[in-house]
Amino acid sequence: MIGRDYRGARVWAVTHTVPPMNWWMVVKIDESEVMGPLRRDAQVTFLGALAMISIAGATILFLWQRQIHHYLERQIKTEIRQKALESHLSYLTRHTNDIILLLDDGLRIVETNERAVEAYGYDRGTLLSMTIRDLRAPAERNKVAAQYSESKLAAGTIFETVHARKDGSAFPVESSAHRIQFEGGNYVQDIVRDISERKRAEEEIRSQREFLEKVIDMSAFAMWIADAQGTVQRVNRALCDAIRLAPEQIVGRYNVLQDANLEKQGVMPQVRAVFARLDPARFTIPWQAADAGDVDFQGARDMHIDVSMFPIAAPDGKLAHVVCQWIDITAQKQAAKELELAYGRLRQFIDANIVGVVIAAPDGRIIESNDYYLNLIGYSRNEFEGGEVNWRRITPPEWLAADERAVRELRESGRCAPYEKEYLRPDGTRVPVLLADALLPGPEEQLAAFVLDLSEQKRAQAALRESEARYRRTLDNMLEGCQIIDFAWRYLYVNGAVARHGRQAKENLLGRTMMEVYPGIENSAM
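I will try to describe carefully the structure that is included in this document.

About the cut-offs
Residues numbered from 1 in each chain as written. Predicted model: local features only at pLDDT ≥ 70, side-chain atom pairs only at ≥ 80, totals over all residues. Heavy atoms only, no water. Pairing = 2+ DSSP bridges. Helix = DSSP H or I, 4+ residues; strand = E, 2+ residues; numbered from the N terminus. Core = buried A, V, L, I, M, F, W, Y, C linked by side-chain atoms within 4.5 Å. Buried < 20%, exposed > 50% of the residue type's maximum accessible area, 1.4 Å probe, protein only. Contact = heavy atoms within 4.5 Å. Phe/Tyr/Trp six-rings, centres within 6.5 Å; stacked < 30°, edge-to-face > 60°. Axes fitted to C-alpha atoms, helices over the stretch in contact; angles between N-to-C directions.

### As for the pairing of strand E10 (residues 232-235)
At step 1: Across 3 bridges, the pairing between strand E9 (residues 222-227) and E10 is antiparallel. In the strand pairing of E10, Trp224 is matched with Val235.
At step 2: Between the antiparallel neighbours E9 and E10 lie 4 residues, among them Gly230 with a positive phi of about 95°.

### A word on the nonpolar core
At step 1: Judged by nonpolar contacts, the single largest core of 36 residues is most densely connected at Trp224, Ile250, Phe297, Met309 and Trp326.
At step 2: When contributions to this core are tallied by element, the ones reaching two or more residues are E9, E10, helix H7 (237-243), helix H9 (268-277), strand E11 (281-287), strand E12 (303-313) and strand E13 (319-328).
At step 3: Non-local contacts of Trp224, meaning those with residues more than four positions away in its chain, are made with Val232, Arg234, Val235, Leu239, Tyr254, Val256, Met309, Val322, Val323, Cys324 and Trp326.
At step 4: Counting residues in each nonpolar core, the second largest holds 26 residues, with Val407, Tyr419, Val431 and Ala449 among its members.

### A short note on the environment of Gly293
At step 1: Tracing the chain through its elements places Gly293 in the loop between E11 and E12.
At step 2: In this structure the C-alpha to C-alpha distance between Gly293 and Gln258, which are 35 residues apart in sequence, comes to 5.2 Å.
At step 3: Excluding anything up to four places from it in sequence, Gly293 contacts Gln258, Asp259 and Ala260.

### Notes on the pairing of strand E17 (residues 430-440)
Every regular strand shows the same layout, with side chains that alternate between the two sheet faces.
At step 1: By the bridge criterion, 6 bridges tie strand E16 (residues 419-424) to E17 in an arrangement that is antiparallel. Note on E17: the bridge partner recorded for Tyr419 is Leu435.
At step 2: What sits between E16 and E17 in their antiparallel hairpin is a turn of 5 residues, with Gly428 showing a positive phi close to 95°.
At step 3: Relative to strand E18 (residues 446-453), E17 is paired through 8 bridges, and the arrangement is antiparallel. Following the sheet pairing, Asp437 is matched in E18 by Ala449.
At step 4: If you look at the hairpin formed by E17 and E18, you'll find 5 residues sitting between the two strands, and Gly442 has a positive phi there, around 135°.

### Some remarks on the packing of aromatic side chains
At step 1: Counted according to the given criterion, the structure contains 5 aromatic pairs.
At step 2: Ring centres of Trp224 and Tyr254 lie 6.4 Å apart, and the angle between their planes is 70°; on these two criteria the pair is classed as edge-to-face. Within this pair, whereas Trp224 is found in strand E9, its partner Tyr254 is found in the loop between H7 and helix H8 (260-264), the two being separated by 30 residues in sequence. Both residues of the pair, Trp224 and Tyr254, count as buried.

### With respect to the sheet that holds E10
At step 1: Reading across the sheet, the 5 strands line up as E10-E9-E13-E12-E11 and stay open at both edges, with antiparallel pairing between neighbours. Looking at which strands have only one partner, the edges of the open sheet turn out to be E10 and E11. Across the sheet, the mean angle from the axis of one strand to that of its neighbour is 25°, orientation sign disregarded.
At step 2: Of the strand pairs in this sheet, E11 and E12 are connected by 7 bridges, and their pairing is antiparallel. Residue pairing for E12: Arg282 is matched across the bridge by Ser308.
At step 3: With respect to the sheet, helix H10 (residues 330-351) is in contact with E11, E12 and E13, its orientation differing from that of E12 by roughly 135°.

Spelled out as structure tokens, the structure:
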């Protein structure tokens with residue numbers, strides 16, 4: 001127990017009875033003796049704790065102040081960046097080429113940029129009193145509710161429509177709208193882009209594509225367009241007409257890289273080079289429908305074709321398409337074959353040397369000749385090929401006028417009458433000939449002539465004339481009268497004896513009938 005003793009000092013005491021006596025033992029100690037050390041320890045502990053708390057508090061305060069400093073520094077930097085960003089965004093908003101509209105839940109315009117003022121022609125105040133529907137062209141206003149539905153705005157939506165300016169003119173736009181949260185409110189941000197230029201470009205591309213399609217379809221050349229793997233994606237009318245098949249029988253089915261015709265004719269390497277190296281190709285082949293690959297071209301006709309193939313590259317330089325156009329040259333091939341046959345026959349006739357054949361120019365150059373002609377004029381083939389033969393130089397001067405007349409007639413009418421002339425051989429002898437000339441077609445003026453040697457004929461004519469002269473001299477010197485008359489009794493020949501017997505001059509008899517010279521003779525006994 002605790003109390004005060006006789007001294008009045010506070011003491012701590014313990015009492016206990018002493019049996020068997022009725023005594024009490026009291027043990028006491030001054031409270032100061034008990035509490036003094038405890039108080040000293042408590043004071044030391046308190047002061048130590050207080051010191052620790054003070055140090056901890058100072059440390060915490062230091063760290064807190066430092067953290068606050070860093071926080072404020074970051075906050076200031078963030079605010080500076082935020083203000084710079086806001087300034088940048090404000091600049092972009094004001095000067096961007098797109099129209100920016102901020103709409104409330106009723107699709108009323110609550111904020112916009114300068115581009116909107118320029119685009120629509122309204123002042124800013126008027127725009128802020130309008131709805132998005134007011135900016136639409138009349139025919140597009142009934143689409144607003146569907147295009148700005150909540151489900152579309154939540155995910156963001158992009159669509160094309162038509163807006164109208166203050167003056168009533170319309171222009172196409174692309175609108176990108178989505179829902180945003182701003183200062184505790186729900187808004188719709190609508191970025192509107194004028195796509196007039198794009199639409200004009202698209203229209204021009206569409207028009208050019210239509211024009212190209214018409215050009216392809218109306219081309220006289222058969223044409224197909226294949227993908228990078230060789231499968232045909234487009235054909236024109238001329239191709240379908242040429243092979244007598246419908247487009248659906250070719251498109252998506254025919255692959256040029258599987259056409260056996262190209263392998264058989266040895267042109268497949270050129271075709272593969274078009275696809276692999278983007279090299280154009282040109283070749284002529286006979287094409288047979290049965291060898292066209294794994295395609296049933298039953299009903300298509302076989303033909304000769306002159307083919308041109310060229311690649312179309314994509315922007316990245318890789319192959320996009322291959323265009324092939326070809327011409328059916330079956331008729332030309334047949335005509336060439338027939339022409340070759342006809343030329344062969346003509347060549348055979350010329351080389352048979354039955355008559356001289358020569359092709360020459362009016363200036364005297366001889367372009368082609370057969371051996372008959374060269375033998376006729378006395379020149380060898382080597383001399384001809386060496387350019388030593390010129391028909392003007394081997395023509396005697398007195399015969400050049402006949403040649404000039406023939407050339408003039410050829411130029412005027414394309415033909416001339418056969419005529420005779422002479423050639424002068426290198427040995428000085430002359431050879432008489434008969435020429436039949438023709439003017440050959442073509443850009444160069446060339447003459448073709450058939451030349452016949454008249455030497456034998458001329459010799460025969462001379463012999464005949466000599467024989468006739470001898471016969472005439474024999475008749476003229478006969479003592480008996482000799483006369484030749486035709487069936488009309490006209491005198492064709494009389495000798496001197498007939499003239500003397502009839503007392504007529506020869507000139508009076510020739511060309512006249514007996515009845516004219518001797519009237520009444522028809523009634524006489526003679």
